[in-house]
Amino acid sequence: MGTAVGVTVAEVLDVLDVGVAVAGPDGRLTQVNGALPGLLGLSAADVAPDRSVAALAGDLVARGAHAVAAALAWPPVTHPRQLRLAGGRSVQAAWHRLESGWVLVVRDVTLQAQIRQRLREHNRALAEKVAEKTELVAALCHELRTPLTSTNTMLELLPDTSAQPDLHDLLDVVRRNAARIGDVVDELSTLNALEQGSVGLDVRPVDLGTLLRDAVAAWNARQDPAAPVTLGVTDPGRLTITADPVWLDALVERLLSVAVASAGDAAVHVSAESSADGWLVRVPLHEQLTSNRLFTATGGARTSTALMLARAVVARHGGTLRMATSEDGGAVELRLPREAPSGLPQ
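Residues numbered from 1 in each chain as written. Predicted model: local features only at pLDDT ≥ 70, side-chain atom pairs only at ≥ 80, totals over all residues. Heavy atoms only, no water.

**Student:** An account of helix 6 (residues 165–195) is requested, with residue identities and associated values reported.
**Tutor:** Its 31 residues place the ends of helix 6 45 Å apart at the C-alpha level, agreeing with the 45 Å of an ideal helix rising 1.5 Å per residue. The positive-phi residue at the C-terminal boundary of helix 6 is Gly197, with phi of around 80°. (Helix = DSSP H or I, 4+ residues; strand = E, 2+ residues; numbered from the N terminus. Expected span 1.5 Å × (residues − 1).)

And the structure:
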């Protein structure tokens, strides 16, 4: 026959790595495990059996140990409370009702508290950086617009033609570059507004298939297109989504401009297919452009700003945009949910 081994409640409590104290309905301690005094910085005499919890808490307040007294507060506080103790330690304490009394459970949550504090500090620093970037971009756009306006005004005062062919060609170059700078400044301002959440959406049902077909047709109708564009749509009957059609049209326009510019003479095939929670649209790009670090991407003019603006538009619709590579080459893949959030982000 086997030998019976008796294990007492005290022995069970002492193997726990949490502090446990049991009190009767009259508020007097009946059982305390070995971990509790160490967690709360108490002595064994402080938590001796038959000691009144309320009296102990009063003694601790008199000794200046207010956090420890709060952990032992009587009448019992049943919701978990996190308390910061001396030495930078943090504990979580809560009383739980028993059939014939109460049990206090105290856990050391110092590490979790430190992690949360570091996350709060990180988020605060990140928010400050975002605010600084927003202010910097706004200031740069303002500073660029002032000399650009002056330059365009001076250019308008110059004659359209010149007796000197070289000077005429140089003026054309200046006008094109001034227009390009103006477009970039406008896109940076729009990107800044999207990222800081000051742009609302006018959402409505949108037939994404029709929007894509119209965009592709518009590209192919242009004179001397850099590359023909084709479109493949799976399950077109389910392509209706709730979104802002103006922003979606601008999004597709920019993606096609980057795709066509990077394709050379090759055809550009855009595809759209149903996904679990929305739609996946894939626009091919040259492999050199498939970098999530958009500022370092190489390729056609204004590629980085166009892709960054596209990413911001997709994010504002609650979707995602990523660069991908496969055996078929590089591509930008955007996932759009079936319903975009309306109005301004909270």
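**Student:** Tell me what's going on with unusual backbone geometry, and back it up with residues and numbers.
**Tutor:** Of note, the bond from Trp74 into Pro75 is cis; its omega dihedral lies within 30 degrees of zero at 5°. Relative to the helices and strands, Pro75 resides in the loop between helix 4 (66–71) and strand 3 (81–84). Here Asp50, not a glycine, exhibits a phi torsion of approximately 75°, which is positive. By the element assignment, Asp50 lies in the loop between helix 2 (35–40) and helix 3 (53–62).

**Student:** Go over the sheet that holds strand 3 with me, naming the residues and quoting the values.
**Tutor:** What the 5 strands build is an open sheet, ordered 2-1-5-4-3; its pairing is antiparallel. Edge strands, defined here as strands with exactly one partner in the open sheet, are strand 2 (29–32) and strand 3. Ignoring strand direction, the axes of neighbouring strands in this sheet form an average angle of 25°. One ladder, built from 4 bridges, connects strand 3 with strand 4 (residues 90–98); its direction is antiparallel. Each residue of the ladder has a partner; that of Arg84, found in strand 4, is Ser90. (Pairing = 2+ DSSP bridges. Axes fitted to C-alpha atoms, helices over the stretch in contact; angles between N-to-C directions.)

**Student:** Give a description of helix 5 (residues 110–157) that names residues and reports values.
**Tutor:** The terminal C-alpha atoms of helix 5, which comprises 48 residues, lie 71 Å apart, in line with the 70 Å expected from a rise of 1.5 Å per residue. Among all positions of helix 5, only Thr110, Ala113, Thr134, Val137, Cys141, Leu148 and Leu155 are buried. Buried residues along helix 5 sit against strand 3, strand 4, strand 5 (101–108) and helix 6. (Buried < 20%, exposed > 50% of the residue type's maximum accessible area, 1.4 Å probe, protein only. Contact = heavy atoms within 4.5 Å.)

**Student:** An account of the side chain of Asp244 is needed here, citing residue identities and associated values.
**Tutor:** Residue position: Asp244 is located in the loop between strand 8 (240–243) and helix 8 (245–263). Comment: no salt bridge for buried Asp244; closest opposite-charge side chain is Arg204, at 6.2 Å. Within the structure, Asp244 has its side chain in polar contact with the backbone nitrogen of Val246 (distance 3.0 Å). Not counting residues within four places of it along the chain, the set of residues in contact with Asp244 comprises Gly200, Leu201, Asp202, Val203 and His317. (Lys, Arg positive; Asp, Glu negative; His and termini not counted. Salt bridge = Lys/Arg side-chain N within 4 Å of Asp/Glu carboxyl O. Polar contact = N/O pair within 3.5 Å; in protein donor to acceptor, adjacent residues only side chain to side chain.)

**Student:** Got a sec to walk through the side chain of Ser90? Specific residues and values, please.
**Tutor:** Tracing the backbone shows Ser90 in strand 4. Taking relative accessible area as the criterion, Ser90 reaches 4% and is therefore assigned buried. When sequence neighbours within four positions are dropped, the list of residues in contact with Ser90 reads Gln82, Leu83, Arg84, Arg107, Asp108, Val109, Thr110 and Ala113.

**Student:** Residue-level account of the nonpolar core, with values.
**Tutor:** Counting 45 residues, the largest nonpolar core has Leu208, Val229, Ile241, Leu248, Leu251 and Leu255 as its most contacted members. For this core, the element with the highest residue contribution is helix 8, accounting for 9 residues. Excluding residues that lie within four positions of it along the chain, Ile241 makes contacts with Arg204, Pro205, Val206, Leu208, Leu248, Trp279, Leu336, Pro337 and Arg338. Judged by nonpolar contacts, the second largest core, of 24 residues, contains Ala21, Leu39, Val68 and Leu104. (Core = buried A, V, L, I, M, F, W, Y, C linked by side-chain atoms within 4.5 Å.)

**Student:** Residue-level account of the pattern of salt bridges, with values.
**Tutor:** The tally for this structure, following the rule as stated, stands at 7 salt bridges. Measuring nitrogen to oxygen at the nearest pair gives 2.3 Å for the salt bridge that ties Arg204 to Asp202. Classification of Asp202 by relative accessible area gives partly exposed; the value is 44%.

**Student:** Which residues make up the packing of helix 5 against helix 6, and what are the values?
**Tutor:** Two numbers describe how helix 5 lies on helix 6: the axes approach to 10 Å, and their chain directions differ by 155°. By the angle class used here, helix 5 and helix 6 are roughly antiparallel. In terms of crossing hand, the pair formed by helix 5 and helix 6 is left-handed. Contacts from Lys133, Thr134, Val137, Ala138, Cys141, Leu144, Arg145, Leu148, Asn152 and Leu155 in helix 5 reach Leu171, Val174, Arg175, Ala178, Ile181, Gly182, Val185, Asp186, Leu188, Ser189, Asn192 and Glu195 in helix 6. Tallied by class, the residues present in the contact of helix 5 with helix 6 amount to 12 nonpolar, 5 polar and 5 charged. (Parallel < 35°, antiparallel > 145°, perpendicular 65-115°, else oblique. Left-handed = near helix turned anticlockwise from the far one by under 90°. Nonpolar A, V, L, I, M, F, W, Y, C, P; charged D, E, K, R; others polar.)

**Student:** So what about a nonpolar patch on the surface? Which residues, and what values?
**Tutor:** Side chains of Leu111, Ile115 and Leu119 sit close together on the surface and give an oily, nonpolar patch of about 280 Å² of accessible area. When you line up the elements, Ile115 lands in helix 5. (Patch = residues over 30% accessible without salt bridge, like charges linked within 9 Å, V, L, I, M, F, W, Y side chains within 5 Å. Areas by Shrake-Rupley, 256 points an atom, 1.4 Å probe, with all protein chains shown as cover.)

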